[in-house]
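Commentary on secondary and tertiary structure
The residues making up each chain are set out below.
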Amino acid sequence: EESDAAREKFAVPESDHLTMLHVYQQWKHNNFRGDWCSTHFLQAKTLGKVREIRAQLQDILTSQKMSLVSCAHNWDKVRQAVSSAYFTNAARMKGVGEYENLRTAMKCHLHPTSSLYGIGFTPDYVVYHELVLTSKEF
């Protein structure tokens, strides 16, 4: 219950990707503190790995003489980037709670832990970064 309440503080209802970005931004705002992670039921080690990957991406940009430009809070830019990167993982609603990949026609469903699950409306399209195979494909 307490961990669910903590998760809800960071939720961006229309996107799991933006929820993860929001968590990272809040962790950064709190000086990357491990105790902050513990208080909010987050894995400091995982967030540390995210921070390392971000630093690697910054190094690549620098080595390629590309500038790093923040989108600030214009999350539509983030949505565009995620959609561009994961275009092969775009899916269209096919039935009640069921999606179908636009390229492969593979069926999948929203995972119960997704920000999109149970928000009161079902998006016509989703972009996902992973599939989890259980008794149902999420």
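Structural data are supplied above this passage.
My aim in this report is to walk through the structure given alongside it, one point at a time. (Residues numbered from 1 in each chain as written. Predicted model: local features only at pLDDT ≥ 70, side-chain atom pairs only at ≥ 80, totals over all residues. Heavy atoms only, no water.)

1. Some remarks on the overall build of the protein
Of regular secondary structure, the protein possesses 5 helices and 4 strands. The principal-axis extent of the C-alpha atoms belonging to the protein is close to 45 × 45 × 25 Å. Put simply, the protein has 138 residues, and 25% of those count as buried. Here the contacts in the protein between residues at least 6 apart in sequence split such that 51% fall between residues at least 24 apart. With the model as given, the accessible surface of the protein reaches about 9800 Å², and the carbon-plus-sulfur share is 54%. Side chains of the protein give 16 positive and 15 negative charges; the mean places of these two sets differ by 8 Å. (Helix = DSSP H or I, 4+ residues; strand = E, 2+ residues; numbered from the N terminus. Buried < 20%, exposed > 50% of the residue type's maximum accessible area, 1.4 Å probe, protein only. Contact = heavy atoms within 4.5 Å. Areas by Shrake-Rupley, 256 points an atom, 1.4 Å probe, with all protein chains shown as cover. Lys, Arg positive; Asp, Glu negative; His and termini not counted. Charge placed at Lys NZ, Arg CZ, Asp CG, Glu CD.)

2. Here's the deal with the packing of aromatic side chains
The tally for this structure, following the rule as stated, stands at 4 aromatic pairs. Ring geometry for Phe 10 versus Trp 36: centroids 5.7 Å apart, planes at 70 degrees, classification edge-to-face. Taken together, the residues span a long stretch of sequence, with Phe 10 in helix α1 (residues 2–10) and Trp 36 in helix α3 (residues 34–39) at a distance of 26 residues. Judged by relative accessible area, Trp 36 falls into the buried class, the value being 7%. The structure contains a cluster of three or more aromatic residues connected by ring pairs, namely Tyr 24, Trp 27 and Phe 32. (Phe/Tyr/Trp six-rings, centres within 6.5 Å; stacked < 30°, edge-to-face > 60°.)

3. Considerations on the side chain of Ser 114
Summarising the element assignment, Ser 114 is placed in the loop between β3 (107–109) and β4 (125–127). By relative accessible area, Ser 114 is classed as buried at 10%.

4. With respect to helix α2 (residues 16–29)
Look at α2: 20 Å from first C-alpha to last across 14 residues, which is about the 20 Å you get at 1.5 Å a residue. Buried residues of α2: His 17, Leu 18, Thr 19, His 22, Val 23, Tyr 24 and Trp 27, and no others. For α2, the elements touching its buried residues are α1, α3, α4 (44–63), α5 (75–85) and β4. A distance of 3.2 Å separates the backbone nitrogen of His 17 from a side-chain oxygen at the start of α2, and that oxygen is part of Ser 15. Two residues or fewer past α2, Asn 31 is found with a positive phi of approximately 60 degrees. (Expected span 1.5 Å × (residues − 1). Polar contact = N/O pair within 3.5 Å; in protein donor to acceptor, adjacent residues only side chain to side chain.)

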